[in-house]
Each structure stands twice: as structure tokens, then as C-alpha cells.
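Structural overview for review
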2 protein chains.
Amino acid sequence: MPRIEFFFDCSSPWTYLAFHRIQPLAAEFGTPIEWKPILVGGVFNAVNQSVYQSRDNPVPAKVAYTEKDLQDWARHTGLRIIWKPTVFPVNSVKAMRGCLVAGEKGATVLFARAVFEAYWGDDQDISQDEVLGKICERVGIDPKFFSARINEPAIKDQLRANTEELIRRGGFGSPTIFIGDDMYFGNDRLPLVRDALAKNQGRAL
Amino acid sequence: MPRIEFFFDCSSPWTYLAFHRIQPLAAEFGTPIEWKPILVGGVFNAVNQSVYQSRDNPVPAKVAYTEKDLQDWARHTGLRIIWKPTVFPVNSVKAMRGCLVAGEKGATVLFARAVFEAYWGDDQDISQDEVLGKICERVGIDPKFFSARINEPAIKDQLRANTEELIRRGGFGSPTIFIGDDMYFGNDRLPLVRDALAKNQGRAL
């Protein structure tokens, strides 16, 4: 059965947009989403150091446009996105391990959405235990259980495995979406994801 | 009256996609398009040398994806796009001056489409007089007149002026679309251009 694999790291605003927009798209085609939390910094370090080069040598015209562009997309999508958050880039390792812990309770979407909202909408530092604790309370996960569970090898290993899987399959950033072997990178590729879902549905008929 | 300003250079495949897709979008909203030929190399030299840095230090995973992505977009748009053309990057200065010459006869779209098709669809070297001559014949422009006219100061100056205008207004590549002061960069931003056109129409009612 075709499914959408969604590799994501909550530290990217474009990922927040795609996370939000992929859900009605998947529902429209009745295609399930497999959420795959990753650490995008691990991807950059391994295969895409150009991200750091761009940060170190910003092109002023592009920087100015990117800020405007992000607000255009936020409006288009109906989300509030602050640029930039006080803490940026943020260390998202606990938050992304947290997505896996939430996933064990079937609450990936609930938890990830709360993390995106806290960081991008409310300018909270999602690397902090206190911030993550409040998110846990909001989505019905015991903060003490959470703090212990994110430090267990099974969870750490899964985050590493997801990140390595993305690299192995040709990914270089977040969000990366797979439909079978077909890879799509970025929020702005959802029209192509739609094409792929429509094509799959046509085949199934 | 609102209009769409479309700054473009035929040497970019993403520009070919946007050139094709902007036309039905503009027609849907009854908004005229003002075609503004530029020399994108002039823009890169002035404000966006990161393009050259990326070409010199390609990220293999991104390169592989870009090829696949371009074919996805070509299929989405219903165009044939070869990657890469035998001559790439190509010197498009005569072709872009040619768009201005064609514009004097109200034939910008006809001529530009023929240039895009020759270069991206048929792998022809659009820097060559012979190739441009055949395009002229196809769209009803006298090749001798064309060859003389593209070397006249008025045409050369206009191409330079368009390029400088784009730089002055914050552009850094092709295609760049303006609706009033609102700038949009790239084929993948047409959903946002649609938002802007819809908003303008709402205001006019």
C-alpha cells in the first residue's frame, strides 16, 4: 500500500509549513503518513555543508527575500511564524527524540505540532527541558516519563537511524518526503507530491 | 491597474516553467503581464555570486535531486526539458536582446517561447546567429532586420536597464515576478503570486 514518508526536524520553518500542509493532502488521497523524526544537523554535517557556507556568506538580497517569502507562505498556510526566533538555530535533539517518544503513544502529530507552535509561533526555546515539559503536559505525556525515555538508547538510536536512512536514500535537508522511491524536498514541492499521489491512485483503480 | 512584471532570462529552465505557467494564471485573473527581458548573469555578477560558488562546489545529493526535480516539474507543466543542454550555461545576450526586438512587434511571448523550446526542448545553442535566425523565421521576424536591430544601442541599453532595474528592486535571479512592490522569486512561488492576484481582485471589487 502506498504511503507518505515524512522525514522532518522541527527546527526548520519550511518543515512546519509542509508538516501542516501535507496532512490535508494525505487525507484527500486517503494515503497514510509515516512520520520520521530526524536531526537535520546530522544530515547537513554528512552531505550538505553548503547550508553552513550560505549562513556564513549570506547574500543580502536573498536574505531579505527569504524573510518576506516565509511570511507569504505563513499567510498562505494560515500559520504564525516568527522570523527569527530568539534562539536560532536551536538544538532540537530533545524535541526530535520527543517526537519518537510521542510516536510510541500514537501522538507524533500532536506533539510535533505543539513543538512547532512553541518554537515558531511563541518564540520558546525548545531545547529547554521546562519548555518540553509544558508541551508534554499539553499533549498528555507525563513529563517525568518523557525526560527519562528520551535518554534511553532505543530512542537515541532510532533518531540516529532515521537520520542515517534519509542520508542513505539521497536526502540533504528537511522536510524530505518519499512516496516509494520518489523523493521530494521542501514545502514548495507539495504540488509534485500531489501529482505522485494522484498517479498512484490512478494506478490502483 | 495591477499588472504582473515578469523579469526573465531564457537561459534558466525554471524560468521556462514559470514563463509557461504564469500565462494561464494571469489570464484567469485578467491581469496583464509586462515582459522584462534581462541578463541573469549580470544579476549574479552584481548581487548573487553564490550561484557560481554552488556551481564550483556542487553538493552531490542536491545535484542528483535537482535533475529529478526538474523532470518532475517538466511533467507537471507539460513541457519537454533536457538536462543539461550540450551548451550550458549558454550566452543568452543575443536571445534576450531578441526578446526586446520581438517586443517592439508585440511578439515577446512568441519569440521567447521559441527560444525556450529551441534551447530546453531541442538542445540548440541559442547563442548562435543561425539558430536565432531560424527562430525569427518561425515567428515572422526578418532575420536581417533582427541581426541589425539587436546590435543597436537602444536595444542594448534596454536590456541593461531592465537588468539594473531588477537589481535595484531587490532581485537576485530569474524568474522574478513583481505585483506592485511585492516580489516573488522562482517558478515554485506561483501559489503565492496567485494569492496576490486574488487579493488584488478582492480589493478591486
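This report concerns the structure included in the present document. (Residues numbered from 1 in each chain as written. Chains lettered and ligands numbered in written order. Predicted model: local features only at pLDDT ≥ 70, side-chain atom pairs only at ≥ 80, totals over all residues. Heavy atoms only, no water.)

**Re the packing of helix H1 (residues 13-29) of chain A against helix H6 (residues 108-121) of chain A**
The relative placement of two packed helices is expressed as an angle between their axes plus a distance between the axes. Residue and element names in this part refer to chain A. To be explicit about the condition: Angles shown run from 0 to 180 degrees and are taken between the N-to-C directions of axes, each axis being a line fitted to C-alpha atoms and, for helices, limited to the stretch in contact. Helical segments are the DSSP runs of H or I of at least four residues, strand segments are the runs of E of at least two, and each set is numbered from the N terminus. By definition in this entry, angles of less than 35 degrees are roughly parallel, angles greater than 145 are roughly antiparallel, angles of 65 to 115 are roughly perpendicular, and the rest are oblique. For any pair of crossing helices, the crossing counts as left-handed if the nearer helix is rotated counterclockwise from the farther one by less than a right angle, and right-handed if it is rotated clockwise. Note on contacts: a residue pair is in contact if any heavy atoms of the two residues lie within 4.5 Å. Under this grouping Gly is polar, as are all residues other than the nonpolar Ala, Val, Leu, Ile, Met, Phe, Trp, Tyr, Cys and Pro and the charged Asp, Glu, Lys and Arg.
Look at H1 against H6: their axes get within 11 Å of each other, and the N-to-C directions meet at 140°. In terms of orientation, H1 lies oblique with respect to H6. Handedness of the crossing formed by H1 with H6: left-handed. Contacts from Pro13, Thr15, Tyr16, Phe19 and Gln23 in H1 reach Val109, Ala112, Arg113, Phe116, Glu117 and Trp120 in H6. Residues belonging to the contact of H1 with H6 are distributed by class as follows: 7 nonpolar, 2 polar and 2 charged.

**Looking at the pattern of salt bridges**
All names here are of chain A. Counted only if it meets this: For salt bridges, the criterion is a side-chain nitrogen of Lys or Arg within 4 Å of an Asp or Glu carboxyl oxygen. Throughout, exposure labels follow a simple rule: accessible area from a 1.4 Å probe, protein chains only, divided by the maximum for the residue type, with under 20% read as buried, over 50% as exposed, and the rest as partly exposed.
Counted according to the given criterion, the structure contains 42 salt bridges over all chains. In this structure, Glu5 and Arg3 form a salt bridge, with 3.4 Å as the shortest nitrogen-oxygen distance. For Glu5, a relative accessible area of 5% gives the class buried. Among the salt bridges present, the one from Arg149 reaches Glu152, with a minimum N-O distance of 2.4 Å. Since its relative accessible area comes to 16%, Arg149 is described here as buried. Here Glu152 falls in the partly exposed class, since its relative accessible area comes to 33%.

**A closer look at the relation of the copies chain A and chain B**
The condition that has to hold: Superposition of the copies was done by least squares, using only C-alpha atoms of residues whose pLDDT is at least 70 in both.
For the pair chain A and chain B, the relating rotation is 180°, the translation along its axis is 0.0 Å, and the fit reaches an RMSD of 0.0 Å. The transformation relating the two chain copies, once decomposed into turn and shift, fits a two-fold axis. Taking C-alpha positions as reference, the residue of chain A nearest the rotation axis is Asp188 of chain A, located at 3.0 Å. Taken together, the interface assignments show that 100% of the residues at the interface of chain A recur at the interface of chain B, consistent with an identical surface on both copies.

**Describing unusual backbone geometry**
Residues and elements named next belong to chain A. Note that the residue after Phe88, namely Pro89, is joined by a cis bond; omega there is -10°. Along the chain, Pro89 falls in the loop between helix H4 (60-77) and helix H5 (93-104). Note that the residue after Ser174, namely Pro175, is joined by a cis bond; omega there is 0°. Structurally, Pro175 can be placed in the loop between helix H9 (153-168) and strand E3 (176-179). Although it is not a glycine, Asp123 adopts a positive phi angle of roughly 55°. With respect to the helices and strands, the residue Asp123 is situated in the loop between H6 and helix H7 (129-139). Asp123 gets classed as partly exposed once you look at its relative accessible area, which sits at 28%.

**A look at the environment of Ile81 of chain A**
Residue and element names in this part refer to chain A. Mapping Ile81 onto the fold places it in the loop between H4 and H5. With relative accessibility at 5%, the residue Ile81 sits in the buried group. Considering only alpha carbons, one finds Ile81 and Leu17, 64 residues apart in sequence, at a separation of 9.2 Å. If we ignore the near neighbours within four places in the chain, the residues touching Ile81 are Pro13, Tyr16, Leu17, Leu70, Gln71, Ala74 and Trp120.

**Comments concerning the packing of helix H2 (residues 40-47) of chain B against helix H9 (residues 153-168) of chain B**
All names here are of chain B. Direction vectors running N to C along H2 and H9 enclose 40°, while the axes themselves pass 9 Å from each other. Compared by their axis directions, H2 and H9 come out oblique. As for how H2 packs across H9, the hand of that crossing is right-handed. Where H2 approaches H9, its residues Gly42, Val43, Ala46 and Val47 are matched on the opposing element by Thr163, Leu166 and Ile167. For the contact of H2 with H9, the per-class residue count stands at 5 nonpolar, 2 polar and no charged.

**Details of the interface of chain A and chain B**
To be explicit about the condition: Values labelled buried area give the accessible surface lost by two parts on being combined, using a 1.4 Å probe and summing over both. The definition of a polar contact used here is a pair of N or O atoms within 3.5 Å, where within protein one atom must be able to donate a hydrogen and the other to accept one, and adjacent residues in sequence count solely through side-chain atom pairs.
With 25 residues of chain A at the contact, the number on the chain B side is 25 residues. Approximately 2300 Å² of surface area, both sides summed, lies buried where chain A meets chain B, with 57% of it carried by carbon and sulfur atoms. Among the residues chain A hides against chain B, the three largest losses belong to Tyr65, Arg189 and Leu192 of chain A. Together they make up 24% of the total. Taken together, the connections running from chain A to chain B amount to 6 salt bridges. For the interface between chain A and chain B, the tally reads 11 residue pairs in polar contact (both at pLDDT 80 or more). Secondary structure elements with two or more residues in the side of chain A that touches chain B: H4, strand E4 (182-185) and helix H10 (190-204) of chain A.

**Considering the pairing of strand E2 (residues 33-37) of chain A**
All names here are of chain A. To keep it simple, the criterion reads: Strand pairing is assigned whenever DSSP detects at least two bridges linking the two strands. Orient the strands so they point away from the viewer; a crossover is then right-handed if the path from the first strand over the helix to the second runs clockwise.
Pairing analysis gives 5 bridges linking strand E1 (residues 4-8) to E2, with the strands arranged parallel. Each residue of the ladder has a partner; that of Glu5, found in E2, is Glu34. Taken together, E1, H1 and E2 constitute a β-α-β crossover, and its handedness is right-handed.

**Remarks on the sheet that holds strand E3 (residues 176-179) of chain B**
Two orientations exist for strands paired in a sheet by backbone hydrogen bonds: parallel and antiparallel. Residue and element names in this part refer to chain B. Taken together, the 4 strands give an open sheet; going across it, the order is E2-E1-E3-E4, and neighbouring strands pair in mixed fashion. Looking at strand neighbours, the two that pair on one side only are strand E2 (33-37) and strand E4 (182-185), the edges of this open sheet. The average undirected angle you get between the axes of adjacent strands in this sheet is 20°.

**Side note on H4 of chain A**
Residue and element names in this part refer to chain A. Heads up, the rule is: Given the number of residues in a helix, its expected span is that number minus one, multiplied by 1.5 Å.
Helix length check: H4 (18 residues) gives 26 Å between terminal C-alpha atoms against 26 Å at 1.5 Å per residue, within 8%. Looking only at H4, the buried set comprises Ala61, Tyr65, Asp69, Leu70, Asp72, Trp73, Ala74 and Thr77. Remark: Gly78 follows H4 within two positions and exhibits a positive phi of approximately 80°.

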